[in-house]
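Close look at the chain arrangement
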Amino acid sequence: MHHDTPAPVSFREALKFWFWLGCISFGGPAGQIALMHTELVERRRWISEKRYLHALQYCMLLPGPEAQQLATYMGWLMHGTRGGIAAGALFVLPSLLLMIVLAWAYSAWGQHPWGQAILWGLKPAVTALVIQAVHRIGMRTLKARWLWWVAGLSLLGMIWDVPFPLIVAAAAFTGWQMQKQHALPAAGPSHGASQPNTASESLAWLDDHSPAPAHTLYSHDRLIKKSAFGVGLWVLTLGALALLLGGHHTLTRMGGFFTQAALVTFGGAYAVLPFVTHAAVTQYGWVTAAQMMDGLALGETTPGPLIMVVAFVGFLGGHSQAITGSPLLGGIIAACVVTWFTFLPSFVFILAGGPLVESTRHMPSLALPMQAISAAVIGVILHLAGIFARQTWLPGGWHMLPDLAAVALTLLATWALVKKGVSVFKVLLACVLLGLLKTALF
């Protein structure tokens with residue numbers, strides 16, 4: 001194993017890496033976190049294993065998309081504020097551009113028979129992916145009977161329309177009570193912290209014992225300044241929308257809602273989606289339930305954070321509500337507005353909070369509250385799987401006969417993903433081809 005310390009990484013070299021990562025990071029948050037670990041810790045040895053896991057723990061505690069936050073944190077650790085902004089933005093930009101193109105193609109050709117055939121194949125695959133997410137989080141989380149209860153009650157809560165933030169708060173409180181009963185030692189096991197130190201024999205550029213770069217040192221003034229700057233940016237942009245267009249305009253409402261979504265959604269993209277689906281479909285009517293399902297299907301085919309499906313919601317909302325003279329321009333503006341408000345809080349959390357986190361590299365245990373939130377998220381995602389299954393299997397509603405071919409394809413895709421471990425891309429491709437084949441033959 002290498003004992004030499006890698007040469008310092010230039011900002012330009014890091015920029016190239018972040019852009020490349022943004023273009024190839026398929027496979028949802030778990031895949032992206034693993035890919036970053038392979039590249040940053042094992043292959044390039046830019047960051048030490050302990051530093052990486054410590055940053056990951058912090059990002060797991062935050063609301064919003066943890067893979068994008070982790071990329072922002074790594075960029076910030078290496079090159080300060082400009083590094084964090086570059087890493088976080090390049091993680092999102094390729095998928096935003098691709099999502100706008102896909103949403104435009106969907107609005108133009110979504111109703112065409114071949115477009116319908118592709119979507120028919122994608123929907124069972126997406127339902128299977130949501131079931132796989134439930135299985136994956138379940139295997140990792142449901143290790144005690146009380147956690148099963150939390151998951152079950154959370155599912156009931158979703159069915160009875162209990163607000164999502166309330167479900168998360170109740171779960172965290174339950175976990176906290178359990179922690180008090182168990183009185184765990186101070187540094188309880190947390191997300192992957194017990195993993196063996198695979199990079200222990202090799203030194204990294206930013207190692208456990210490297211002198212702390214100046215920008216990572218905590219200062220009270222810096223925390224207040226950066227937080228104020230982030231909140232100020234948010235007030236300015238939302239205020240400008242409200243002043244120019246009025247408080248009830250679609251763009252102003254999107255800005256307000258997606259800020260709220262970014263702040264209350266713990267547990268990654270699959271936990272955000274039920275919340276966004278309910279609001280976008282039922283509350284505001286930006287998209288229909290079927291369009292939301294199609295958007296998620298397209299979102300699964302693009303790199304970058306899965307939460308980029310919000311850009312699809314924004315595009316269709318802006319496109320259909322003709323917020324400018326041109327539906328296309330309206331869609332593009334709305335997609336960009338939604339993306340800005342969804343990701344702005346993540347940048348503030350990392351760039352303002354990073355030094356504070358670096359100063360506490362031995363976090364007290366939040367193991368059980370975090371486990372309880374994960375268990376609640378399982379119930380929430382299971383509810384989402386139910387919504388998607390209904391859209392896929394009963395496209396005509398409850399009173400119509402189910403689409404048996406779609407049911408069979410969902411079961412096949414679930415089996416391939418969960419039991420056989422086939423890659424997401426291969427499953428999506430196979431389902432699309434089967435959808436096209438079905439249209440060609442029947």
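Our structure's up above, just so we're on the same page.
Reading guide: rules and limits
- Residues numbered from 1 in each chain as written.
- Predicted model: local features only at pLDDT ≥ 70, side-chain atom pairs only at ≥ 80, totals over all residues.
- Heavy atoms only, no water.
- Helix = DSSP H or I, 4+ residues; strand = E, 2+ residues; numbered from the N terminus.
- Axes fitted to C-alpha atoms, helices over the stretch in contact; angles between N-to-C directions.
- Parallel < 35°, antiparallel > 145°, perpendicular 65-115°, else oblique.
- Left-handed = near helix turned anticlockwise from the far one by under 90°.
- Contact = heavy atoms within 4.5 Å.
- Nonpolar A, V, L, I, M, F, W, Y, C, P; charged D, E, K, R; others polar.
- Salt bridge = Lys/Arg side-chain N within 4 Å of Asp/Glu carboxyl O.
- Buried < 20%, exposed > 50% of the residue type's maximum accessible area, 1.4 Å probe, protein only.

Turning our eyes to something else, we now look at the environment of A34. Counting through the fold element by element, A34 comes out in helix α2 (residues 28-43). Sequence separation of A34 and G299 is 265 residues, and the distance between their C-alpha atoms is 20 Å.

For the rest of this paragraph, the subject is the packing of helix α11 (residues 289-300) against helix α12 (residues 309-320). Two packed helices can be described by the angle between their axes and the distance between those axes. The geometry of α11 relative to α12 is characterised by a closest axis approach of 9 Å and an angle of 135 degrees between their N-to-C directions. Viewed along their axes, α11 and α12 adopt a mutual orientation that is oblique. In terms of crossing hand, the pair formed by α11 and α12 is right-handed. On the side of α11, the interface is formed by Q291, M292, G295, L296 and L298, while α12 contributes V309, F312, V313 and L316. Among the residues forming the contact of α11 with α12, the class breakdown is 7 nonpolar, 2 polar and no charged.

This brings us to the side chain of K123. Along the chain, K123 falls in helix α5 (residues 113-141). In contact with K123, not counting residues within four places along its chain, are M293, D294 and T392.

Under the defined criterion, the tally for this structure stands at 4 salt bridges. The residue E39 makes a salt bridge to R43 at a minimum N-O spacing of 3.1 Å. Placement of the pair is E39 and R43 together in helix α2, with a separation of 4 residues, close to one helical turn. On the basis of relative accessibility, which here comes to 56%, the residue R43 falls in the exposed class. D294 is the salt-bridge partner of K123, the closest N and O atoms lying 3.3 Å from each other. Here K123 is found in helix α5, whereas its partner D294 is found in helix α11, with 171 residues between them in sequence. Overall, K123 belongs to the buried group, its relative accessible area being 17%. Connected through shared salt-bridge partners, E39, R43 and R44 make up one network.

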